[in-house]
Amino acid sequence: HWIVDNFSITHQHYPQIEEAAQLIRKGEVVAFPTETVYGLGGQVKLDQAVQKIFTAKGRPSDNPLIVHIADRKDVNRLAESVPDYAEALMASFWPGPLTIIVPKQEGVLSELVTAGLHTVAIRMPDHPVALALIKEAGIPVAAPSANRSGKPSPTTAAHVLDDLSGRIAGVLDGGDTGVGLESTVVDCTGPYPVILRPGGVTLTDIEAAVGKVEIGGSTFQNAKAVPKSPGMKYTHYAPEAPLYLIEGTHSFIQEKIDELRAEGKKVGMMATEESEHFYVADRIISCGCRYEIESVAKHLYGALRSFNSSSLDVILAETFPLEGVGAAIMNRLEKAAGHRWIKEVD
Ligand code: TXA
Ligand code: MG
């Protein structure tokens, strides 16, 4: 567990980053901070390194990884072709929370990275520690989020250690991540960009940069669509107790809490700073400020994880409007809840 102070990184020499990069070169796996969530990195060429990532996470082998780069030129080595609109996306949002899917160049990656697909997911993170690590490793780094499969993604080094301690070579601790939710995944293999996973870069941002955009995958409550991004079909982000999304007035929500507690259940309530004082429950956690929706994105996973320390029987969570990063928040909450809703009918 190496601690790195993000802010001075460009001006200083960090032996911790060199040590982590050396481990990556040798084929070990190391967790590192990005601006979205912590990633678990291994070098992209070596089967054993990539296999270690899947094993440490308990991740199904048919779910491909994102290749992280620090130099835009690496795209030309990894991709067979790049459409103009993808160039525009990279120019607008890199480094940043956007992943592009493009046809892959054969023979440059371990087949395990792309899980047998003919496409590759690429992103340049906007985080000084991540960029320094990738540069120092001298090779692109395949990295999924650094959580055990099915759990919320880690937004602190402590979350990484809770899930993966003893299973990985180390974690570079750069403090809390920024966005708090994973990158937006955009399929760039067709005539238009298609958003497969909503994330830090919003639909509006992408439309402003490239015009026409489609929404695909199982994102945005589009449950009928066949998952094009393999990861979208698995259970995700779930706390230990079953989670329900609840919509209605504070008094409706409190009635539901009371009913559940009357049945002898221990109830957790995920609220916001505006609403937490309205509720009485066994555990109440605020995931941020409803009117600063970015703060909810930032604290959502930490809040979901916090419920695990209270041995609850059920958790209810408030919902959010789909505008801006709200789409990504609701996408993750829907998955965490397995699409279970309780709604007030008027
Ligand atoms: O913000 C992020 O994207 C974080 C940080 C660490 O960079 N990474 C991350 O990785 O969230 P992961 O593995 O948890 O999610 C990657 C998603 C999965 O849903 C996966 O199925 C999809 O990207 N994906 C990867 N390669 C793909 C491909 N070639 N085609 C379609 N989907 C792909
Ligand atoms: Mg993940």
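Each chain has its residues counted from 1, following the order in which its sequence is written. Chain letters start at A and ligand numbers start at 1, both assigned in the order the entries are written. It should be noted that, the model being predicted, local features are given only for residues of pLDDT at least 70 and side-chain atom pairs only at 80 or more, the latter also being counted only at that level, while totals for whole chains, interfaces and linings use all residues. Just so you know, side-chain values use all the structure's heavy atoms and leave hydrogens and water out.

We apply this condition: UniProt positions are given in the numbering used here, feature names are shortened, and annotations may be inferred rather than shown by experiment.
By the naming in an unreviewed UniProt entry, the chain goes by Threonylcarbamoyl-AMP synthase and is assigned to Domibacillus mangrovi. In the Subcellular location (unreviewed entry) part of its UniProt record, the chain is described as follows: "Cytoplasm". Taken directly from UniProt, the Catalytic activity (unreviewed entry) text for the chain runs: "L-threonine + hydrogencarbonate + ATP = L-threonylcarbamoyladenylate + diphosphate + H2O".

### So, the overall build of the chain
So the rule is basically this: Helical segments are the DSSP runs of H or I of at least four residues, strand segments are the runs of E of at least two, and each set is numbered from the N terminus. Radius of gyration here uses only the C-alpha atoms, and the compact-globule reference equals 2.2 Å multiplied by the residue count raised to the power 0.38. In this scheme, a residue with accessible area under 20% of its type's maximum is buried, one over 50% is exposed, and one in between is partly exposed, where area comes from a 1.4 Å probe on protein chains only. Contacts are assigned to residue pairs with any non-hydrogen atoms lying within 4.5 Å of each other. Residue burial considers only the protein chains on display, and all accessible areas are found by Shrake-Rupley using a 1.4 Å probe. Counted charges follow a simple rule, with Lys and Arg positive, Asp and Glu negative, and His plus the chain ends left uncounted. Charge placement uses NZ in Lys and CZ in Arg. For Asp and Glu, CG and CD serve respectively.
If you tally the helices and strands in the chain, you get 10 helices and 16 strands. Taking 2.2 N^0.38 as the reference for a compact globule, 346 residues should give roughly 20 Å; the C-alpha atoms of the chain span a radius of gyration of 20 Å, in line with that estimate. Its C-alpha atoms give the chain principal-axis dimensions of roughly 60 × 45 × 35 Å. Out of the 346 residues in the chain, the part that is buried amounts to 55%. Nonlocal contacts in the chain, meaning residues at least 24 apart in sequence, comprise 67% of its contacts between residues at least 6 apart. Total accessible area computed for the chain in this model is approximately 14400 Å², and 51% of it derives from carbon and sulfur atoms. Both charge centroids of the chain, one from 32 positive and one from 43 negative side chains, sit 6 Å from each other.

### Considering the sheet that holds strand β14 (residues 283-286)
To keep it simple, the criterion reads: Only strands that DSSP links by at least two bridges are regarded as paired with each other. Angles shown run from 0 to 180 degrees and are taken between the N-to-C directions of axes, each axis being a line fitted to C-alpha atoms and, for helices, limited to the stretch in contact.
Taken together, five strands build an open sheet; the order of strands is β14-β13-β15-β12-β16 and the sheet is parallel. Every interior strand has two partners, whereas the edge strands, β14 and β16 (341-343), have only one. Each strand axis lies, on average, 25 degrees off the axis of its neighbour in the sheet, ignoring direction. Of the strand pairs in this sheet, strand β13 (residues 267-271) and β14 are connected by four bridges, and their pairing is parallel. Across the sheet, M270 pairs through a bridge with I285, a residue of β14. Where helix α8 (residues 250-262) meets the sheet, it contacts β12 (243-247), β13, β15 (314-317) and β16, and its direction lies at approximately 160 degrees from that of β13.

### Focus: the packing of helix α1 (residues 15-26) against helix α5 (residues 128-137)
Where we set the bar: An angle counts as roughly parallel when it lies under 35 degrees, as roughly antiparallel when it exceeds 145, as roughly perpendicular when it falls between 65 and 115, and as oblique in every other case. Each helix crossing is assigned a hand: it is left-handed if the near helix lies turned anticlockwise from the far helix by less than a right angle, otherwise right-handed if that turn is clockwise. Here the nonpolar group is Ala, Val, Leu, Ile, Met, Phe, Trp, Tyr, Cys and Pro; Asp, Glu, Lys and Arg are the charged ones; every other residue, Gly included, is treated as polar.
It is the contact of α1 with α5, at a shortest axis distance of 8 Å, that shows an interaxial angle of 50 degrees. With respect to their mutual orientation, α1 and α5 come out oblique. In this structure, α1 crosses over α5, and the sense of that crossing is right-handed. Counting all contacts with α1, which are made through I17, E18, A20, A21, I24 and R25, the residues of α5 involved are V129, A132, L133, E136 and A137. Taken together, the residues that form the contact of α1 with α5 break down as eight nonpolar, no polar and three charged.

### Remarks on the nonpolar core
Just so we agree on the cut-off: As used here, the term nonpolar core means buried Ala, Val, Leu, Ile, Met, Phe, Trp, Tyr and Cys residues forming a set that is joined through side-chain atoms within 4.5 Å.
Among the nonpolar cores identified, the biggest contains 62 residues, and L40, W94, L98, I122 and I206 are the most heavily contacted of them. Top contributing element to this core by residue count: α5, with six residues. If you look at the next biggest cluster of nonpolar residues, it comprises 28 residues, including Y237, A303, A317 and L333.

### Topic: the UniProt feature "binding site: L-threonine" (unreviewed entry) in the chain
Heads up, the rule is: In protein, a polar contact means a hydrogen-donor-capable atom and an acceptor-capable atom, both N or O and within 3.5 Å, with residues adjacent in sequence counting only if both atoms are side-chain atoms; elsewhere, any N or O pair within 3.5 Å suffices.
According to UniProt, the "binding site: L-threonine" (unreviewed entry) feature falls on T36, H68, R123, A143 and S183. Taking the farthest pair of C-alpha atoms as the criterion, the annotated set spanning 148 residues converges on one region, since that pair is 12.7 Å apart. Within the element layout of this structure, T36 appears in the loop between β2 (30-32) and β3 (39-43). Leave out the neighbours within four places in its chain, and T36 touches P97, R123, T177, V179, G180, L181, E182 and S183. A distance of 3.2 Å separates a polar atom in the side chain of T36 from a polar atom in the side chain of R123. Tracing the backbone through its elements, the reader meets A143 in the loop between β7 (141-142) and α6 (157-164). Classification of A143 by relative accessible area gives buried; the value is 4%. Residues contacting A143, with those up to four places away along its chain left out, are F32, G39, L40, G41, I66 and H68.

### A closer look at the state of the cysteines
Keep this limit in mind: Cysteine sulfur atoms that pair up within 2.5 Å are treated as a disulfide.
In total, this model carries zero disulfides according to the counting rule given. Of all cysteine sulfurs in the structure, the one in C289 sits closest to C287, which takes part in no disulfide; the separation is 10 Å. Judged by its relative accessible area of 1%, C287 is buried. Residue classification places C289 among the buried positions, given a relative accessible area of 14%.

### Brief notes about the environment of V185
Tracing the backbone shows V185 in strand β9 (residues 184-187). Placed 86 residues apart in sequence, V185 and A271 show a C-alpha to C-alpha distance of 28 Å.

### Regarding the UniProt feature "binding site: ATP" (unreviewed entry) in the chain
Per the UniProt entry, the sites bearing "binding site: ATP" (unreviewed entry) are R59, N63, T119, S145, S153, R197 and Y237 in this numbering. In three dimensions, the annotated residues from a span of 179 residues occupy distinct locations, with a maximal C-alpha spread of 25.3 Å. Relative to the helices and strands, S145 is located in the loop between β7 and α6. Here S145 falls in the buried class, since its relative accessible area comes to 16%. Contact partners of S145, with chain neighbours within four places excluded, come to V37, Y38, G39, L40, K57, S153 and P154. Its location among the elements puts S153 in the loop between β7 and α6. Judged by relative accessible area, which is 1%, S153 ranks as buried. Apart from the residues lying within four places of it in its own chain, the contact partners of S153 are V37, S145, N147, E182, Y237, Y301 and R305. At 3.5 Å, the side chain of S153 forms a polar contact with the side chain of S145.

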